[in-house]
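Overview (structure and organization)
The lines below spell out each chain.
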Amino acid sequence: MKHGFLSLYFGMFYKPQSTFKSVFESEKKLEFGFYSLLIPATGYTIFYLMAYYAGGSPSTFKPWLALPVEDYFKYDIFLTFPGYYLSWIGAAGTVYLLSRLMDGKSHFDNILAIIGFGIGTATWSSLLHDLTDAALSVAGIINMGEYEKLLNQPTFWRGLLLTLYSVYFIWFLALFSIGIKIALKFSLIKSMIIALIGLITFQMILLIFIR
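Residues numbered from 1 in each chain as written. Predicted model: local features only at pLDDT ≥ 70, side-chain atom pairs only at ≥ 80, totals over all residues. Heavy atoms only, no water.

Brief notes about the overall build of the chain
Scanning the chain from N- to C-terminus turns up nine helices and zero strands. Starting at the N terminus, the α and β elements of the chain follow one another as α-α-α-α-α-α-α-α-α. Referenced to the eigenvectors of the C-alpha coordinate spread, the extents of the chain come out at roughly 50 × 35 × 30 Å. Relative to its 211 residues, the chain shows a buried fraction of 46%. (Helix = DSSP H or I, 4+ residues; strand = E, 2+ residues; numbered from the N terminus. Buried < 20%, exposed > 50% of the residue type's maximum accessible area, 1.4 Å probe, protein only.)

Section: the environment of Arg-100
By the secondary structure assignment, Arg-100 is in helix 4 (residues 72-101). Given a relative accessible area of 44%, Arg-100 falls into the partly exposed group. The sequence separation of Arg-100 and Leu-184 amounts to 84 residues, and the corresponding C-alpha distance is 9.6 Å. Polar contacts involving the side chain of Arg-100 include one to the main-chain carbonyl oxygen of Gly-104, which spans 3.4 Å. (Polar contact = N/O pair within 3.5 Å; in protein donor to acceptor, adjacent residues only side chain to side chain.)

Focus: the confidence of the model for the chain
Averaged over all residues, the pLDDT of the chain equals 90, while 94% of them reach at least 70. The lowest-confidence element of the chain is helix 7 (residues 144-150), averaging 74 in pLDDT; the highest-confidence one is helix 5 (residues 108-122), averaging 97. (pLDDT = per-residue confidence, 0-100.)

Side note on helix 6 (residues 124-138)
Between its first and last C-alpha atoms helix 6 spans 20 Å; for 15 residues at 1.5 Å apiece the expected length is 21 Å, and the two agree. Looking at the buried positions of helix 6, the neighbouring elements they touch are helix 3 (29-53), helix 5, helix 7 and helix 8 (156-184). Looking one or two residues beyond helix 6, the residue adopting positive phi is Gly-140, at roughly 80°. (Expected span 1.5 Å × (residues − 1). Contact = heavy atoms within 4.5 Å.)

Section: the packing of aromatic side chains
Considering all chains together, one arrives at 23 aromatic pairs under this definition. With a centroid separation of 6.4 Å and an interplanar angle of 35°, the aromatic rings of Phe-10 and Phe-13 are classed as tilted. With Phe-10 and Phe-13 both in helix 1 (residues 5-14) and three residues apart, this pair spans about one turn of that helix. Classification of Phe-13 by relative accessible area gives partly exposed; the value is 34%. Their ring planes at 45° and their centres at 6.2 Å tell us that Tyr-84 and Phe-202 sit as a pair that is tilted. Of this pair, Tyr-84 sits in helix 4 while Phe-202 sits in helix 9 (residues 188-209), and the two are 118 residues apart along the sequence. Members of the aromatic cluster, each reached through a chain of ring pairs, are Tyr-44, Phe-47, Tyr-48, Phe-73, Tyr-84, Tyr-168, Phe-172, Phe-176 and Phe-202. (Phe/Tyr/Trp six-rings, centres within 6.5 Å; stacked < 30°, edge-to-face > 60°.)

Here it is, written out as structure tokens:
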């Protein structure tokens, strides 16, 4: 049975194991993995557009790139897509290399699909929050600069953010692990170790480009 992109994408939210099996059977797995990656890349481009319009800027984390802090969100409007693309390729390449060193046998397209769908799904744990506060800032309901300060103080909002980051980490690790286990037929522990290294690779490359 052939599945379209949307059915596979939404399937990742509630039945990732069977959905990954369907992805690997699809002739368009690479294409669909890329489509999935474009969802958070587009979402965060919209976030940075709104955040820059609302006068936002990083309040605690110093940007890795030597860019003016007050204009950092403006540059991120253009850096989000290449940042996600390079993070996708870097994480997939790392996972593939590790799997080959461990005698795993799977097409690189499968690994790219795993990473693409994992990113495209799990990023919603942070994206919904970020799009919401940016939209409220543009509407004049909240002040983005003040809200950024609240996120870095012992407030309810900081607790909410840390909770969302925890969900982000667990969700990413779970999806990567499930996909790797099915594609490479590794044990759960081995799959989780490779998934963790892939996740760290993805996040470290992404942090070079966007906060």
